[in-house]
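This is what each chain is made of:
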Amino acid sequence: MNIPFVSFEPMHKEIEEEILNKFKEVYEKNWFIQGEEVMKFEEEFAEFCGAKYCIGCGNGLDALYLILRGYDIGEGDEVIVPSNTYIATALAVSYVGAKPVFVEPNLSTYNVNPGLIEKAITNKTKAIIAVHLCGQPADMDEINKIAKKYNLKVIEDSAQAHGALYKGKKVGSLGDASGFSFYPGKNLGALGDAGAVVTNNKVLADKIRAIENYGSDKKYHHIYKGTNSRLDEVQAAFLRIKLRNLDKWNEERRKIARKYIDGINNSKIIKPVEADYAKHVWHLFVVRTEQRDEFEKYLKVNGIGTTIHYPVPMHLQPAYEELKISKGSLPLAEKISNEVISLPIWYGMKDEEINYVIEKINNWK
Ligand SMILES: *Cc1c(COP(=O)(O)O)cnc(C)c1O
């Protein structure tokens, strides 16, 4: 059997006709930037998240960058970032000229360990970026408590967790502002690059809306040195169609995850856990093993596609040499990057495919 790490085919087959009709509609309207589709998507996505405002933008990295700009965080400031995340989280901080300060995760959820945040706070710290990694919300009550004590902003990186719940509340409404990515492989993905900021703060929302459009509040009047990071009509139109299916697609991911958790039983494999407070949406199903490289090869030989999220922690990337964080300084991030591997989990996977993955893993010696 051959099971790719990810396939969009079953998901896209189901909505193909709708997507093509919608494309024709937008095409014939001849209005491609900042029109009705973007406006409607922003309304619908804000409502989905249980928040007041949504501002569509170019991608997930920009969403985080725009939030930091919106709060005037920059040169000389520090921002707390989990040591175990995709590099985009830290790059957003670097792009505004601030310094990312890494805090180690909790080994059971892979998300930041709130108990370690306080030690990393200095008088330069302005914000904490909480990443909801793999589709599981970070422990937001604890993070918000610390932020309140030190007067810090809490920014959610929700790029992997559209629709996930923390104590019954949607991600996107759990901090001061939230950045989403709609990269095609995310739980809610465009057919290209796209992203959004979600917040309940009107002042911030208006400012970000200006910054992402050349800093202009009205045409050809510029109040900020802005950028160009707008969501376009075609992607917004596609996202509206996909958003209507997201709960169904997330439920399907949850079913597959349940089958993996119940079925995988190999003492060399550590399975992921859903925290008590969370409704996980399983953007990634990450297992851990000390013999990761052999395990990866074994699955490959058996036709099972996998990916490693992520093989090199940020502090050991050449791009972050300037931080001078030596090997061994963030042992959990390093351990995770050496041991994790993500299994296929996508809408439309058949039972026989899921069972095949389970069987092969259980037979691995
Ligand atoms: C994908 C991702 C991003 C960046 O999103 P892009 O749309 O690719 O810019 C940021 N943070 C996390 C955790 C991600 O997984």
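Right above here is the structure, for reference.
Report on the accompanying structure. Because the structure is a prediction, the values reported are computed rather than measured. The residue count restarts for each chain, going from 1 along the sequence in the order it is written. In view of the model being predicted, local features appear only for residues whose pLDDT reaches at least 70, and side-chain atom pairs are presented and counted only at 80 or more, with totals across whole chains, interfaces and linings using the full set of residues. The side-chain figures draw on all heavy atoms in the structure; neither hydrogens nor water molecules are used.

1. Comments concerning the site of the ligand
Cut-off, in case you're wondering: Near residues are defined by distance, with any heavy atom within 4 Å of the molecule or strand qualifying the residue. Under this definition, polar contacts are N or O atom pairs within 3.5 Å; protein pairs additionally need one hydrogen-donor-capable and one acceptor-capable atom, and for neighbouring residues in sequence, both atoms have to be side-chain atoms. Only protein atoms enter the 1 Å grid used here, on which a cavity is any set of points holding a 1.4 Å probe that cannot leave and a pocket is any open set flanked by protein within 12 Å on both sides along at least five of seven lines; residues with an atom within 4 Å of a point are listed as lining. Throughout, a molecule is located in a cavity or pocket provided that more than half of its atoms lie within 2 Å of its grid points. For helices the rule is a DSSP run of H or I covering at least 4 residues; for strands it is a run of E covering at least 2, with both sets numbered from the N terminus onward. Note on residue categories: nonpolar means Ala, Val, Leu, Ile, Met, Phe, Trp, Tyr, Cys or Pro, charged means Asp, Glu, Lys or Arg, and polar means any other residue, Gly included.
In the vicinity of the ligand lie 13 residues, with Gly60, Asp157, Gln160, Ser181 and Lys186 positioned nearest. Between the ligand and Asp157, the relevant distance is 2.8 Å, taken from a nitrogen atom to a side-chain nitrogen or oxygen of the residue. Interatomic distance of 2.6 Å between a side-chain N/O atom of Lys186 and an oxygen atom of the ligand. The cavity that encloses the ligand is the largest pocket. Among the secondary structure elements, those contributing two or more residues to the shell around the ligand are α3 (60-70) and α4 (88-95). Looking at the shell around the ligand, its residues break down into five nonpolar, six polar and two charged.

2. Things to note about the environment of Ile256
With respect to the element layout, Ile256 can be found in helix α9 (residues 246-263). Each C-alpha atom of the pair Ile256 and Trp346 lies 8.2 Å from the other, and the pair is 90 residues apart in sequence.

3. Notes on the sheet that holds strand β6 (residues 165-166)
The criterion, for reference: Pairing between strands is defined by DSSP: at least two bridges between the two strands are required.
Pairing is antiparallel in the open sheet, where three strands are placed in the order β7-β6-β12. Each having just a single partner strand, β7 (169-170) and β12 (278-279) make up the two edges of the open sheet. Relative to β12, β6 runs antiparallel, the two being bridged by two bridges. When the sheet's bridge partners are listed, Leu165 is paired in β12 with Lys279.

4. Things to note about the nonpolar core
Applicable threshold: Definition used in this section: a nonpolar core is a set of buried Ala, Val, Leu, Ile, Met, Phe, Trp, Tyr and Cys residues joined via side-chain atoms within 4.5 Å. Only protein chains enter the calculation, and the probe is 1.4 Å; a residue is then buried if its accessible area is under 20% of its type maximum, exposed if over 50%, and partly exposed in between. Any pair of residues with heavy atoms lying within 4.5 Å of one another is described as a contacting pair.
Among the nonpolar cores identified, the biggest contains 67 residues, and Val79, Tyr260, Phe285 and Leu343 are the most heavily contacted of them. Here the element with the most residues in this core is α3; it accounts for six residues. With near-sequence residues (within four places) excluded, Tyr260 lies in contact with Lys271, Phe285, Leu343, Pro344, Met349, Ile354, Val357 and Ile358. Core analysis: the next-biggest nonpolar cluster, separate from the first, contains 45 residues, Val101, Tyr166, Leu243 and Ala278 among them.

5. Let's talk about the packing of aromatic side chains
Two measures describe an aromatic ring pair: the distance that separates the ring centres and the angle between the ring planes. Just so we agree on the cut-off: Whether two aromatic rings pair depends on their centres lying within 6.5 Å, for rings of Phe, Tyr and Trp, where Trp uses its six-membered ring; planes under 30 degrees apart make the pair stacked, over 60 edge-to-face, and the rest tilted. The criterion for a charge sitting over a ring is simple: Lys NZ or Arg CZ within 6 Å of the ring centre, and within 35 degrees of the ring normal.
Enumeration over the complete set of coordinates arrives at 14 aromatic pairs. Relative to Trp364, the ring of Phe295 lies with its centre 4.6 Å away and its plane at 50 degrees, an arrangement referred to as tilted. Highlighted residues: Phe295 in helix α10 (residues 292-301) and Trp364 in the segment after α12 (351-363), separated in sequence by 69 residues. Classification of Phe295 as buried rests on a relative accessible area of 0%. Note on Trp364: relative accessible area 7%, which makes it buried. Ring centres of Tyr298 and Trp364 lie 6.4 Å apart, and the angle between their planes is 40 degrees; on these two criteria the pair is classed as tilted. One end of the pair, Tyr298, is in helix α10; the other, Trp364, is in the segment after α12, with 66 residues separating them in the sequence. Ring pairing ties together the aromatic residues Phe41, Phe45, Phe48, Phe180 and Phe182, which thus form one cluster. Above the plane of the ring of Phe48 lies Lys170, whose end atom (NZ or CZ) is 3.9 Å from the centre.

6. Side note on the pattern of salt bridges
We apply this condition: Salt bridges are defined as contacts in which a side-chain nitrogen from Lys or Arg sits within 4 Å of a carboxyl oxygen from Asp or Glu.
Counted under the stated rule, the structure contains 25 salt bridges. As a salt-bridge pair, Glu16 and Lys13 come within 3.2 Å of each other at their nearest N and O atoms. Separated by three residues within a single helix, Glu16 and Lys13 lie in helix α1 (residues 9-29), roughly one turn from each other. Assessed through its relative accessible area of 57%, Lys13 is described here as exposed. The shortest N-O distance in the salt bridge between Glu37 and Lys29 comes to 3.8 Å. Each of Lys22, Glu25, Lys29, Glu36, Glu37, Lys40, Glu44 and Arg240 takes part in one network of salt bridges that share partners.

7. Quick notes on the sheet that holds strand β9 (residues 195-199)
Stated formally: What counts as an axis is a line fitted to C-alpha atoms, over the stretch in contact for a helix, and the angles between N-to-C directions run from 0 to 180 degrees.
In spatial order, the strands read β1-β9-β8-β5-β4-β2-β3; together these seven strands make up an open sheet with mixed pairing. Both edges of this open sheet fall to β1 (53-57) and β3 (99-103), since each of them pairs with a single strand only. Each adjacent strand pair in this sheet contributes to an overall mean axis angle of 25 degrees, direction not counted. In this structure, strand β2 (residues 78-82) lies alongside strand β4 (residues 125-131), joined through three bridges in parallel fashion. Counterpart to Val79 in the pairing with β4 is Ala127. Strands in contact with helix α2 (residues 36-49) are β1, β8 (177-181) and β9; relative to β1, the strand with the most contacts, it is inclined by about 125 degrees. Where helix α7 (residues 202-211) meets the sheet, its contacts fall on β1, β8 and β9, and the angle it forms with β1 comes to roughly 20 degrees.

8. Quick look at the packing of α1 against helix α8 (residues 233-243)
Counted only if it meets this: Working definition: roughly parallel below 35 degrees, roughly antiparallel above 145 degrees, roughly perpendicular at 65 to 115 degrees, and oblique for all remaining angles. If you view the pair so one helix is near and one far, a crossing is left-handed when the near helix is turned anticlockwise from the far one by less than a right angle, and right-handed when it is turned clockwise.
It is at 10 Å that the axes of α1 and α8 come closest, and there the two elements cross at 140 degrees. Put simply, α1 runs oblique to α8. For α1 against α8, the interelement crossing comes out right-handed. Residues Met11, His12, Ile15, Glu18, Ile19, Lys22, Phe23 and Val26 of α1 pack against Glu233, Val234, Ala237, Phe238, Arg240, Ile241 and Lys242 of α8. Of the residues contributing to the contact of α1 with α8, the split by class is nine nonpolar, one polar and five charged.

Take it as geometry only, folks, not as evidence of what the structure does.
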